[in-house]
Amino acid sequence: MSVATVVDGVAPSIWDAAHDVDARRPRSLQSQLGASDTVCGRRAAYILHGVTPTDHADKRAAILGTFIHFGLLESARTEYGWLVERSVQDDLIRGHVDVVQLDAATAARLPARHRPAIPADVLTVEDVKTKSTYVWDRVLRYGATAAELRQVHLYAGALYEVGFEDVPGQRYVRQGTVRGAASG
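Just so it is clear, the model here is predicted, and its values are computed rather than measured.

Peer 1: I'd love a proper account of the overall build of the chain, names of residues and values included.
Peer 2: Secondary structure assignment for the chain yields 7 helices and 3 strands. Start at the N end of the chain and walk to the C end: the helices and strands fall as α-α-α-α-β-β-α-β-α-α. Counted over contacts in the chain with a minimum sequence separation of 6, partners at least 24 positions apart contribute 57%. Here the chain displays about 12,200 Å² of accessible surface, and carbon together with sulfur accounts for 57% of that area.

Have a look at this one:
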């Protein structure tokens, strides 16, 4: 058990801990353009030009989204054997695909222990979003935004063109599994 220290007469909050942990996450430290950065054109331009952010907005909603995101993806991984948080990188974009559901033909190219419990009808790339009830209603009525579609298309394009990034923990899916799988 740890004991928090009072600094300048103010005890830290749980949010201080969450912000500190979030600031150390690889995504917070990443300097290369990520597919999620393309949701905001201004943010993408700042990253491409190496401009350091000067605003330090409250990130509570994003932090909660990260925790929800982790729980959802871990559930999909353990229950269905889906590929989650897999790295992709091409010449411009680096990122982590939230979920890749393999179709039967693609899954058959993996060692049996890495195949999903139930293959998808078609090879599917998903990007999980957390939203308020109001925003979810809008998504159900009108669909994903152009920026959200662009993000998942960038991931799918990188998978199709270069496949999964060659990093430990996903080398078994690196060569030939998804790359070019949509062709034919």
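What follows continues from the structure just given.
Peer 1: Quick one: what's the story with a nonpolar patch on the surface, residue by residue and with numbers?
Peer 2: On the surface, Leu64, Ile68 and Leu72 cluster together to form a nonpolar patch covering roughly 270 Å² of accessible area. Within the secondary structure, Leu72 is located in helix α4 (residues 60–80). On the basis of relative accessible area, Leu72 is assigned to the partly exposed category, the value being 45%.

Peer 1: Explain unusual backbone geometry to me, and be specific about the residues and the numbers.
Peer 2: Of note, Glu85 is a non-glycine position whose phi angle comes to about 50°, a positive value. With respect to the helices and strands, the residue Glu85 is situated in strand β1 (residues 83–89). Residue classification places Glu85 among the partly exposed residues on the basis of a relative accessible area of 36%.

Peer 1: A description of the sheet that holds β1 should follow, citing residues and the corresponding values.
Peer 2: Strands sit in the order β1-β2-β3 across an open sheet of 3 strands; the sheet is antiparallel. Of all the strands in the sheet, just β1 and β3 (124–126) have a single pairing partner and so form its edges. Strand-to-strand twist across the sheet, computed as the mean angle between neighbouring axes with direction ignored, equals 45°. For β1 and strand β2 (residues 94–101), the ladder comprises 6 bridges, and the chain directions are antiparallel. Following the sheet pairing, Ser87 is matched in β2 by His96.

Peer 1: Provide a residue-level description of the pattern of salt bridges, including the pertinent values.
Peer 2: Applying the stated criterion across every chain, the model contains 7 salt bridges. Residue Asp37 pairs with Arg43 through a salt bridge whose shortest N-O separation is 3.0 Å. Its relative accessible area of 0% is what places Asp37 among the buried residues. Asp58 is the partner of Arg60 in a salt bridge, and the nearest nitrogen-oxygen pair spans 3.1 Å. Note on Arg60: relative accessible area 39%, which makes it partly exposed. Relative accessible area serves as the criterion here: at 53%, Asp58 is assigned to the exposed category.

Peer 1: I'd love a proper account of the nonpolar core, names of residues and values included.
Peer 2: Judged by nonpolar contacts, the single largest core of 16 residues is most densely connected at Leu83, Val88, Val97, Val100, Leu102, Leu159 and Phe164. Sorting the residues of this core by element identifies β1, β2 and α7 (146–162) as the ones contributing at least two each. The greatest single-element share of this core, amounting to 3 residues, is contributed by α7. Leu73, Trp82, Val84 and Val99 belong to the second largest nonpolar core, which has 5 residues in total.

Rules and cut-offs
- Residues numbered from 1 in each chain as written.
- Predicted model: local features only at pLDDT ≥ 70, side-chain atom pairs only at ≥ 80, totals over all residues.
- Heavy atoms only, no water.
- Helix = DSSP H or I, 4+ residues; strand = E, 2+ residues; numbered from the N terminus.
- Contact = heavy atoms within 4.5 Å.
- Areas by Shrake-Rupley, 256 points an atom, 1.4 Å probe, with all protein chains shown as cover.
- Patch = residues over 30% accessible without salt bridge, like charges linked within 9 Å, V, L, I, M, F, W, Y side chains within 5 Å.
- Salt bridge = Lys/Arg side-chain N within 4 Å of Asp/Glu carboxyl O.
- Buried < 20%, exposed > 50% of the residue type's maximum accessible area, 1.4 Å probe, protein only.
- Pairing = 2+ DSSP bridges.
- Axes fitted to C-alpha atoms, helices over the stretch in contact; angles between N-to-C directions.
- Core = buried A, V, L, I, M, F, W, Y, C linked by side-chain atoms within 4.5 Å.

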